[in-house]
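The residues making up each chain are set out below.
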Number of protein chains: 2
Amino acid sequence: MKKFVNDPAQFVPEFMHGIALANPDLLSYTPEFQMIVRKSGPDNAKVSVVQGSGSGHEPAHVMAVGPGMLTGACQGAVFAAPAVDSCYETIKACASDAGVLVLVNNYQGDRMAWDMATEMAVAEGINARQFWINDDVAVKDSLYTVGRRGVAGNFFVMKCCGAAADAGQSLDEVEAIAKKVNDNVRTMGVALTSCIPPAKGTPIFDIGDDEMEVGVGIHGEPGRRREKIKSADEITAELFEAVAQDIPFNSGDRVAIMVNGLGGTPITELYVIYAKAHELAEKAGYQVVRNYVGEYCTSLEMAGASLTILRLDAELEKLLDAPAETAARIF
Amino acid sequence: MKKFVNDPAQFVPEFMHGIALANPDLLSYTPEFQMIVRKSGPDNAKVSVVQGSGSGHEPAHVMAVGPGMLTGACQGAVFAAPAVDSCYETIKACASDAGVLVLVNNYQGDRMAWDMATEMAVAEGINARQFWINDDVAVKDSLYTVGRRGVAGNFFVMKCCGAAADAGQSLDEVEAIAKKVNDNVRTMGVALTSCIPPAKGTPIFDIGDDEMEVGVGIHGEPGRRREKIKSADEITAELFEAVAQDIPFNSGDRVAIMVNGLGGTPITELYVIYAKAHELAEKAGYQVVRNYVGEYCTSLEMAGASLTILRLDAELEKLLDAPAETAARIF
């Protein structure tokens, strides 16, 4: 296993410690609950937005904590849901008179943990409610889900809800934003290689040297089909068609396009995909008014990418453009 | 070869096209010279800062073009110096009455191309001069260099020179900033895997499943030694010692620490390295006042990382904090 790791069992607390050390004025880290919250804590006049999932998807979710994004987040072991205790403590640490919106990617493990944690928090008088994200069009049900999976489109939900909450919108309003984004965002991914979770030490799935997994999940779950690898343009066209036909998007729509790297794919390859996706979007009559090319929701060092399209309106564009400050900054 | 690529011969122009498409208000792309310049062009009242190298190191260099950073950049094929024509046209496109500072990472190919291009530009009356960056402490001479290589510390030179130039400093002053940064920045890297240039289709070096290359160059050049892979903390300590002892840095120094990913290493592993480097820096009495963890200078999808330490003063801190807008943005 070729990784920068000490004790694999300590991998998650060690990298979270590094994130906190690198952002002392922005973040507070509680090792006991693998939880990171804004240094400034929750603001009682504003809705708090929290999320949490298994580790291995960074910058989601602890690197998305900060003004304009999440109020707090917690993580489990690599690809394992956070502990109920961690979820409960995160809601408590972010409790606000204005309420707490808990964003949950739709996986059984995450939902079970956040369900119990939210119930415990509500029983204590905290005004908390959940919203489930399920933007992945690849499969109807997956290994770890009933229903669609939540993948990279999750970024747009966090960004818009974080901006709305920090602008002082109510819990009902922030929840309505989450619903609007989730209703208008669709994603599909493709993997060229597996990744190796440090504690496992071996790949999570086998794939041939000339194969790709179309519609892969962010934990290596099977997608729609295993195919021989194709050209970047052919792969992008497959992803684009699956995503575009799902809602469907329509000619004239204002859209954001995201090309998300799964961890092991260089940014240059993502821009090759972006160029084709942009061309296909324009050909379909969409107005491409925002774009996001980089790593937003990863699977450790998996080589692969996902394509996300979000239908915009003036409200969402304004929320996307609002300032945010998180650990996930570059240049 | 598992990559998102169409025709390997078109890989560089295709990804540059994608970068330009994604940043229409920020950048202008000239395919003929694989050149990207600020949309606003040069400002005659301000020094222009340009750089260019082989491709495969993104976000260096074309993704570093924009206000507060480079005025323009050009790239060659993957790991091959840009053509003299490209360098010459880039200097010309960025020509300014205040002068042009050409930043060159110290490789024979890059130096030869920029030498000739600068000479041609000067002969035409453009006030251009070069500055060579050589922050890599690993080896005295390397495959492609006489003298030390320029690697990830290059970011700090671009950032500080870009900020100084945009603040209206003279060519002499911006050159003095480049010298100050280069004199105070040191880097060493380690590779766990090779990468595969698209046009080559095979790894650029062989390395065992349990080996690492300590002091690797960003084109896969040999470093100081081939070793059995160690723990993240042991690797970080090796890098730290090599870098810290070189200038040397001293107790009480205010420093920036950069942990740079070489392309295939997830950000979480970079934070494991950061945590140890931060601890060692504090133990040595340095004040760690800035940090940069992410991908700044890559080798395609190589798994690996480099550690950079920069000694700061009030002037450099101000320049690092100045705003910049480039294609390399996330969140």
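Residues numbered from 1 in each chain as written. Chains lettered and ligands numbered in written order. Predicted model: local features only at pLDDT ≥ 70, side-chain atom pairs only at ≥ 80, totals over all residues. Heavy atoms only, no water.

As a further point, take a nonpolar patch on the surface. Residues and elements named next belong to chain A. Together, Met 112, Met 116 and Met 120 line one region of the surface with nonpolar side chains, adding up to about 290 Å² of accessible area. Among the secondary structure elements, Met 116 is positioned in helix α3 (residues 108-123). You can call Met 116 partly exposed: its relative accessible area is 42%. (Patch = residues over 30% accessible without salt bridge, like charges linked within 9 Å, V, L, I, M, F, W, Y side chains within 5 Å. Areas by Shrake-Rupley, 256 points an atom, 1.4 Å probe, with all protein chains shown as cover. Salt bridge = Lys/Arg side-chain N within 4 Å of Asp/Glu carboxyl O. Helix = DSSP H or I, 4+ residues; strand = E, 2+ residues; numbered from the N terminus. Buried < 20%, exposed > 50% of the residue type's maximum accessible area, 1.4 Å probe, protein only.)

Residues and elements named next belong to chain A. Counted residue by residue, strand β12 (residues 304-311) has 8 buried out of 8 residues, so it is predominantly covered. Alternating residues of β12 divide into Gly 304, Ser 306, Thr 308 and Leu 310 and Ala 305, Leu 307, Ile 309 and Arg 311, and every residue in both groups is buried. Here 7 bridges tie strand β7 (residues 185-191) to β12, and the two strands are oriented antiparallel to one another. By the bridge assignment, Gly 189 is partnered in β12 with Ser 306. Bridging between strand β10 (residues 254-261) and β12 involves 7 bridges; their strand directions are antiparallel. (Pairing = 2+ DSSP bridges.)

Let's shift gears to the relation of the copies chain B and chain A. For these two chain copies, the linking operation is a rotation about an axis paired with a shift along it. Placing chain B over chain A gives an RMSD of 0.0 Å and needs a rotation angle of 180°, together with 0.0 Å of translation along the axis. When the rotation and shift are considered jointly, the pair of chain copies conforms to a two-fold rotation axis. Every residue of chain B has its C-alpha some distance from the rotation axis, and the shortest such distance is that of Gly 264 of chain B, at 2.2 Å. Comparing interface residues between copies, 100% of those in chain B also lie at the interface in chain A; the contact surface is shared. (Least-squares fit on C-alpha atoms with pLDDT ≥ 70 in both. Contact = heavy atoms within 4.5 Å.)

Okay, the pattern of salt bridges next. Using the criterion set out here, one finds 44 salt bridges over all chains in the structure. In this structure, Arg 226 of chain A engages Glu 211 of chain A in a salt bridge whose closest nitrogen and oxygen atoms are separated by 3.3 Å. Of this pair, Arg 226 of chain A sits in strand β9 (residues 225-228) while Glu 211 of chain A is found in strand β8 (residues 211-214), placing the two residues 15 residues apart along the sequence. A salt bridge links Arg 254 of chain B to Glu 317 of chain B, with the shortest nitrogen-to-oxygen separation between them at 2.8 Å. Of this pair, Arg 254 of chain B sits in strand β10 (residues 254-261) while Glu 317 of chain B sits in helix α8 (residues 314-321), and the two are 63 residues apart along the sequence. When its relative accessible area of 33% is taken as the criterion, Arg 254 of chain B is described as partly exposed. The exposure class of Glu 317 of chain B is buried, given its relative accessible area of 10%.

With that settled, consider the sheet that holds β10 of chain B. All names here are of chain B. Read from one edge to the other, the open sheet built from 6 strands follows the order β9-β8-β7-β12-β10-β11, with strand pairing classed as mixed. Both edges of this open sheet fall to β9 (225-228) and β11 (287-294), since each of them pairs with a single strand only. This sheet shows a mean twist of 20° between the axes of neighbouring strands, independent of strand direction. Where strand β8 (residues 211-214) and β9 come together, 4 bridges link them in antiparallel fashion. (Axes fitted to C-alpha atoms, helices over the stretch in contact; angles between N-to-C directions.)

Further remarks concern the layout of surface pockets. Approximately 1200 Å³ is the volume attributed to the second largest pocket. Thr 193 of chain A together with Thr 193, Ser 194, Ile 196 and Glu 301 of chain B are the residues nearest the centre of the second largest pocket, which is lined by 39 residues in total. Taken together, the residues that form the lining of the second largest pocket break down as 18 nonpolar, 9 polar and 12 charged. (1 Å grid on protein atoms, 1.4 Å probe; cavity = no way out; pocket = protein on both sides within 12 Å on 5 of 7 lines; lining within 4 Å. Points joined across faces, edges and corners; volume = space filled by probe spheres on them. Nonpolar A, V, L, I, M, F, W, Y, C, P; charged D, E, K, R; others polar.)

Here we take up helix α7 (residues 267-283) of chain B. Residue and element names in this part refer to chain B. Over its 17 residues, α7 extends 24 Å from the first C-alpha to the last, a length consistent with the 24 Å expected when each residue adds 1.5 Å. For α7, the buried fraction is high: 14 of the 17 residues fall into the buried class. Note on α7: the residue one or two positions beyond its end, Gly 285, has a positive phi of about 90°. (Expected span 1.5 Å × (residues − 1).)

The next thing to look at is the interface of chain B and chain A. Taken together, the 60 residues of chain B in the interface contact 60 residues of chain A. Taken as a group, Lys 2, Phe 4 and Phe 331 of chain B account for 21% of the area that chain B buries against chain A, more than any other trio of residues on that side. One salt bridge in this structure joins Glu 269 of chain A and Lys 3 of chain B, with 3.2 Å as the shortest N-O distance. Along the contact surface separating chain B from chain A lie 22 residue pairs in polar contact (both at pLDDT 80 or more). Take the side of chain B that touches chain A: its biggest share by element is 9 residues, from α7 of chain B. Here the side of chain B that touches chain A is composed, by residue class, of 33 nonpolar, 15 polar and 12 charged. (Buried area = accessible area lost by both parts, 1.4 Å probe. Polar contact = N/O pair within 3.5 Å; in protein donor to acceptor, adjacent residues only side chain to side chain.)

The gaps left among the atoms become clear once a water-sized probe is rolled over them. Per the counting criterion, the structure on display carries 5 cavities of 30 Å³ or more. The computed volume of the largest cavity comes to approximately 400 Å³. Taken together, 28 residues make up the lining of the largest cavity; nearest its centre are Gly 294, Glu 295 and Ile 330 of chain A together with Glu 295 and Ile 330 of chain B. Looking at the lining of the largest cavity, the elements with two or more residues in it are α7 (267-283) and β11 (287-294) of chain A together with α7 and β11 of chain B.

What follows is about the side chain of Gln 34 of chain A. All names here are of chain A. Along the chain, the position of Gln 34 falls in the loop between β1 (27-30) and β2 (35-38). Within the local environment of Gln 34, its side chain forms a polar contact with the backbone oxygen of Gln 75, the two atoms lying 2.8 Å apart. With residues near it in sequence (within four places) discarded, Gln 34 still touches Val 12, Pro 13, Met 16, Tyr 29, Ala 73, Cys 74, Gln 75, Gly 76 and Ala 77.

Our focus in this paragraph is the domain arrangement of chain A. Residue and element names in this part refer to chain A. Split into domains, chain A comes out as domain 1 (8-183) and domain 2 (185-320). Placing a centre on the C-alpha atoms of domain 1 and another on those of domain 2 gives a separation of 23 Å. Listed per partner, the contact involves 35 residues of domain 1 and 40 residues of domain 2. Contact with domain 2 buries area across many residues of domain 1, yet Phe 79, Val 137 and Phe 156 alone supply 19% of it, more than any other trio. At the surface where domain 1 touches domain 2, the tally comes to 3 salt bridges. Here domain 1 and domain 2 share 19 residue pairs in polar contact (both at pLDDT 80 or more) between them. Among the elements of the structure, α4 (154-166) and α5 (171-183) are those that each provide at least two residues to the side of domain 1 that touches domain 2. At 6 residues, α4 tops the list of elements feeding residues into the side of domain 1 that touches domain 2. In terms of residue class, the side of domain 1 that touches domain 2 is built from 21 nonpolar, 6 polar and 8 charged. (Domains from an automatic or database assignment.)

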